[in-house]
Amino acid sequence: MSILRSVLLYTALVLGANAAVADIAALREGSMKKLNLHSEPKAAGTATFTDAEGGEHTLAEYHGQVVLLNFWATWCAPCRKEMPGLNALQAELGGEDFQVVTIATGRNMLPAITRFFDEVGATDLPILLDPKQKLARDMAVLGLPATVILDRKGQEIGRLTGDAEWDSDSAKAVLRALIGVAGEG
């Protein structure tokens, strides 16, 4: 393949990706306007986190799926506000192509997390912990809640800091569009 043809092909791919991001960005309404969609994917964190039984996990386990990765804490009022919407989103869209992954970051004791989930009715979300904030630091999470969207390759393609209405029509439209265009793993 000639260099010129390679450059033209690359340019077309970049412009196509940017057009897709622009089309998806147009779907944002209400709290989704805070969602920053990246023009280029960014590397995601590689630090481990644990489940409720102490098993270690990494984000690599979700390759092949679009992931809405939510960092939260039991003491965080905006986290409490948005968690039912995250649960509803997982119940509606979660499956082979998409997962909502909630990670309690910092000092969150397991009984407090369980009580929090019970109180807000979070029955469809995983209990995952990042007690030393390794993954949160690795991903430059500076406040809570913070939600990062990962493509099928595990790369960050969007980020929203603060609470959002994740079960809104706008959020679901944005996520369905991202699921449709996210790169294959």
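Preceding block: the structure.
Predicted model only: the values in this text are computed from it and were never measured. (Residues numbered from 1 in each chain as written. Predicted model: local features only at pLDDT ≥ 70, side-chain atom pairs only at ≥ 80, totals over all residues. Heavy atoms only, no water.)

Engineer: For the state of the cysteines, give the residues involved together with the corresponding values.
Structural biologist: Throughout the structure, instances matching the rule amount to one disulfide. Sulfur-sulfur distance for the disulfide between Cys76 and Cys79 comes to 2.3 Å. Because the torsion about its S-S bond is 80°, the bridge between Cys76 and Cys79 counts as right-handed. Neither Cys76 nor Cys79 differs from the other in exposure class; each is buried. (Disulfide = S-S within 2.5 Å. Buried < 20%, exposed > 50% of the residue type's maximum accessible area, 1.4 Å probe, protein only.)

Engineer: Any details on the side chain of Arg159? Residues and values, ideally.
Structural biologist: Examined against the element boundaries, Arg159 turns out to sit in strand β8 (residues 156-161). Looking at Arg159, its side chain comes within polar contact range of the main-chain oxygen of Ala140, at 3.2 Å. Here the side chain of Arg159 touches Glu156 through a polar contact of 2.9 Å, side chain to side chain. Those residues in contact with Arg159 that sit more than four places away from it in its chain are Lys34, Leu35, Asn36, His38, Met139, Ala140, Val141, Thr147 and Val148. (Helix = DSSP H or I, 4+ residues; strand = E, 2+ residues; numbered from the N terminus. Polar contact = N/O pair within 3.5 Å; in protein donor to acceptor, adjacent residues only side chain to side chain. Contact = heavy atoms within 4.5 Å.)

Engineer: Would you mind going over the pattern of salt bridges in detail, with residue names and values included?
Structural biologist: Taken as a whole and judged by the stated rule, the model has six salt bridges. For Glu119, the salt bridge is made with Arg80, and the minimal N-O distance between the two is 3.1 Å. Taken together, the positions of Glu119 in helix α3 (residues 110-120) and Arg80 in helix α2 (residues 77-93) put the pair 39 residues apart, joining distant regions of the chain. Looking at Glu119, the relative accessible area reads 52%, which means it is exposed. What makes Arg80 partly exposed here is its relative accessible area of 33%. Here Asp97 ties to Arg152 by a salt bridge, and the two come within 3.5 Å at their closest N and O atoms. One end of the pair, Asp97, is in the loop between α2 and β5 (98-105); the other, Arg152, is in the loop between β7 (146-150) and β8, with 55 residues separating them in the sequence. Accessibility expressed as a relative area gives 39% for Asp97, which makes it partly exposed. (Salt bridge = Lys/Arg side-chain N within 4 Å of Asp/Glu carboxyl O.)

Engineer: Describe the packing of α2 against α3, with residues and values.
Structural biologist: To describe two helices that pack against each other, one gives the angle between their axes and the distance between the axes. Closest axis-to-axis distance for the α2/α3 pair is 9 Å, and the angle between their directions is 60°. Judged on the interaxial angle alone, α3 and α2 are oblique. Note on packing geometry: the crossing formed by α2 with α3 is right-handed. Seen from α2, the contacting residues are Cys79, Arg80, Met83 and Pro84; seen from α3, they are Phe116, Phe117, Glu119 and Val120. (Axes fitted to C-alpha atoms, helices over the stretch in contact; angles between N-to-C directions. Parallel < 35°, antiparallel > 145°, perpendicular 65-115°, else oblique. Left-handed = near helix turned anticlockwise from the far one by under 90°.)

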